[in-house]
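The chain contents come next:
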Amino acid sequence: MTGAAEGPPAVLPRGVTVLLGIAGVVIAVAGLRGVAHLIAPVFLALMLTVTVSPLSVWLRRHGAPVWVAMLTTVTVVYVVLFGLGTAMAVSVAQLIDLLPTYQAQFTQLQADLVSALSRLGISEAQLSDVVERASPSAVTNLVGWVFGGLTSVLSDAVFLLAVLLFMCLDAVSFPARLQSTAGQRPQVVTALRSFAHGTRSYLLVSTVFGLIVAVIDTLMLWALDIPLPVLWGLLAFITNYIPNIGFVIGLVPPALLGLLDGGVEKMVAVIALYCVVNFVIQSVIQPKIVGDVVGLSSTVSFLSLVFWAWVLGPLGALLAIPLSLLTKGLLVDIDPSTQWINVLLSGGSAPAPAPTPAAQVPPDAAEDDAERRDAAPGDAPGNAS
């Protein structure tokens, strides 16, 4: 006796599926925030490894032994990391030594500001409470916020160096292993390659523009006799990796020092020069090129900055674009049914629609097209193929 025929499997309503997906995202983000102190160094190590991995591929292609490729990759990453950490430590130490010399000027500036605003009818007591929270250490706090993500990661050097070591060792053989899985999971391989290519392209563009901005800012501040111009050039270089608003963060400390060192005129000069150079390069030219290179619009880039800074802190702001590319690769590029989302995320113009297949052309349109081809003079019968 045969059993009753089973019906089709139950399918959840679309609304329930969407709600479950949102709940999963919330849980995943909460988990990332809870372990941000571990995830942030891993993401930084992954970004550095992806950046230098073409070096090991190039060495292997030219006949270098595996151990030479591994040693070279690890050495390059460590040299870059230690060089950046040393420059940051020296620069911040110089800033901490310099700021106490401006304590008298800052106190006078606070008093003048409170007096001027109190004449406009604002309570002097309330103003004093607000202004007293600002001090020369606020400059150090702002610089420390930007450097803080890297500084906190570098302070846990053993963990970061260990992760970098193992990732760089695996990077030598990873392309071959990835190629061996292309037949079984082509979408996964394509998504990972897209992430790696987009990350390297973004870092290349940001590094080139960051160096240009850093050199110009350093020379401008040196010409204006602003203290520690090299530090502010380094700050401009690092904040260039923060999408959209990086130049504003890099502007505040030298502008404030210009005010303390030379008055309002020097501060206005610093702001004007920064706006002319940094705004045009970092907020007009660079986002357009980055959007074309990585396929993210300016709005998506800014929202990525806000989201990843909230999840991972300052290091999340510096790694916002690579992290968004990784998320897009794992959630969008990996699934052919979600490829249309790339059009919405992209900063460029929408691609031209694909031509309609012949099998889907309406019969009337196909007949009209055949009549036009038959009526066209000079066409040989065998040309319509």
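Residues numbered from 1 in each chain as written. Predicted model: local features only at pLDDT ≥ 70, side-chain atom pairs only at ≥ 80, totals over all residues. Heavy atoms only, no water.

## Brief notes about the overall build of the protein
Along its length, the protein carries 16 helices and zero strands. Burial status across the protein gives 36% buried among its 385 residues. A fraction of 74% describes how many contacts in the protein between residues 6 or more apart in sequence connect residues 24 or more apart. As displayed, the protein offers around 21700 Å² of accessible surface, 70% of which is attributable to carbon and sulfur atoms. (Helix = DSSP H or I, 4+ residues; strand = E, 2+ residues; numbered from the N terminus. Buried < 20%, exposed > 50% of the residue type's maximum accessible area, 1.4 Å probe, protein only. Contact = heavy atoms within 4.5 Å. Areas by Shrake-Rupley, 256 points an atom, 1.4 Å probe, with all protein chains shown as cover.)

## Things to note about the packing of helix H12 (residues 298-312) against helix H14 (residues 320-333)
Packing of H12 against H14 leaves a shortest axis separation of 9 Å and a crossing angle of 95°. The orientation of H12 with respect to H14, classified from their angle, is roughly perpendicular. In this structure, H12 contributes Ser301, Ser304, Leu305, Trp308 and Leu312 to the contact, and H14 contributes Ala320, Ile321, Leu323, Ser324 and Thr327. For the contact of H12 with H14, the per-class residue count stands at six nonpolar, four polar and no charged. (Axes fitted to C-alpha atoms, helices over the stretch in contact; angles between N-to-C directions. Parallel < 35°, antiparallel > 145°, perpendicular 65-115°, else oblique. Nonpolar A, V, L, I, M, F, W, Y, C, P; charged D, E, K, R; others polar.)

## What about the packing of helix H1 (residues 14-34) against helix H2 (residues 36-61)?
Between H1 and H2, the shortest axis-to-axis distance is 5 Å and the interhelical angle comes to 90°. Here H2 runs roughly perpendicular to H1, going by the angle between their axes. On H2, the residues that touch Leu32, Arg33 and Gly34 of H1 are Ala36, His37 and Ile39. Across the contact of H1 with H2, the residue classes break down as three nonpolar, two polar and one charged.

## A look at the packing of aromatic side chains
When we look at a pair of aromatic rings, we describe it by the centre distance and by the angle of the planes. All told, the structure shown has three aromatic pairs when counted by the stated rule. Residues tyrosine 78 and phenylalanine 82 carry aromatic rings whose centres are separated by 6.4 Å and whose planes lie at 85° to one another, so their mutual orientation is edge-to-face. You can see tyrosine 78 and its partner phenylalanine 82 sitting in helix H3 (residues 66-98), four residues apart, about one turn around the helix. For tyrosine 78, a relative accessible area of 18% translates into the label buried. (Phe/Tyr/Trp six-rings, centres within 6.5 Å; stacked < 30°, edge-to-face > 60°.)

## A word on H12
Residue pairs three or four apart in sequence face the same way in an α-helix, which turns once every 3.6 residues. With 15 residues, H12 should reach 21 Å at 1.5 Å per residue; the first-to-last C-alpha distance of 21 Å fits that figure. Elements in contact with the buried residues of H12: H1, H2, helix H13 (314-318), H14 and helix H15 (341-345). In the segment just after H12, glycine 313 is the residue with positive phi, at about 85°. (Expected span 1.5 Å × (residues − 1).)

## A short note on the nonpolar core
One finds Leu44, Leu48, Val77, Leu164, Tyr202, Leu312 and Leu319 to be the most contacted residues of the largest nonpolar core, which totals 54 residues. When residues no more than four places from it in sequence are discounted, the contact partners of tyrosine 202 are Tyr241, Val290, Val293, Val294, Ile321 and Pro322. Ranked by size, the runner-up nonpolar core spans 15 residues in total, among them Leu228, Trp232, Ala255 and Tyr274. (Core = buried A, V, L, I, M, F, W, Y, C linked by side-chain atoms within 4.5 Å.)

## Let's talk about a nonpolar patch on the surface
Together, Ile245, Val248, Val252, Phe302, Leu303 and Val306 line one region of the surface with nonpolar side chains, adding up to about 470 Å² of accessible area. Looking at the nonpolar patch, the elements with two or more residues in it are helix H10 (246-262) and H12. When residues of the nonpolar patch are assigned to their parent elements, the largest contribution, three residues, is made by H12. Tracing the backbone shows valine 248 in helix H10. (Patch = residues over 30% accessible without salt bridge, like charges linked within 9 Å, V, L, I, M, F, W, Y side chains within 5 Å. Salt bridge = Lys/Arg side-chain N within 4 Å of Asp/Glu carboxyl O.)

## Looking at unusual backbone geometry
A positive phi angle, near 65°, is found at aspartate 225, a position not held by glycine. Structurally, the position occupied by aspartate 225 is in the loop between helix H8 (186-223) and helix H9 (229-239). Despite not being glycine, leucine 228 has its phi angle at roughly 55°, a positive value. Structurally, the position occupied by leucine 228 is in the loop between H8 and H9.

## Examining H14
Helix length check: H14, at 14 residues, gives a terminal C-alpha distance of 18 Å against a target of 20 Å (1.5 Å per residue), a fit within 8%. The buried fraction of H14 is high, at eleven of 14 residues. Turning to H14, the residues buried within the fold contact H2, H8, helix H11 (264-294), H12, H13 and H15.

## Concerning the side chain of lysine 266
Tracing the backbone through its elements, the reader meets lysine 266 in helix H11. Other than its neighbours up to four places away in sequence, lysine 266 contacts Leu224, Asp225, Ile226, Gly258 and Asp261.

## A word on the confidence of the model for the protein
Here the protein shows a mean pLDDT of 75. Residues at 70 or above account for 75%. Mean pLDDT per element in the protein: helix H16 (residues 363-375) is the minimum at 47, and H8 is the maximum at 87. Of the regions scoring below 50 in pLDDT, residues 350-367 engages in four contacts with residues more than four places distant in sequence or in other chains. Counting interchain partners and residues more than four positions distant, the pLDDT-below-50 stretch residues 375-385 has two contacts. (pLDDT = per-residue confidence, 0-100.)

## Examining the environment of tyrosine 78
In this structure, the C-alpha to C-alpha distance between tyrosine 78 and leucine 164, residues 86 residues apart in sequence, is 8.4 Å. If we ignore the near neighbours within four places in the chain, the residues touching tyrosine 78 are Leu161, Leu164 and Leu165.

## Comments concerning the side chain of threonine 73
Looking at the secondary structure, you find threonine 73 in helix H3. Discounting chain neighbours no more than four positions away, the residues touching threonine 73 are Val52, Ser56 and Cys168.

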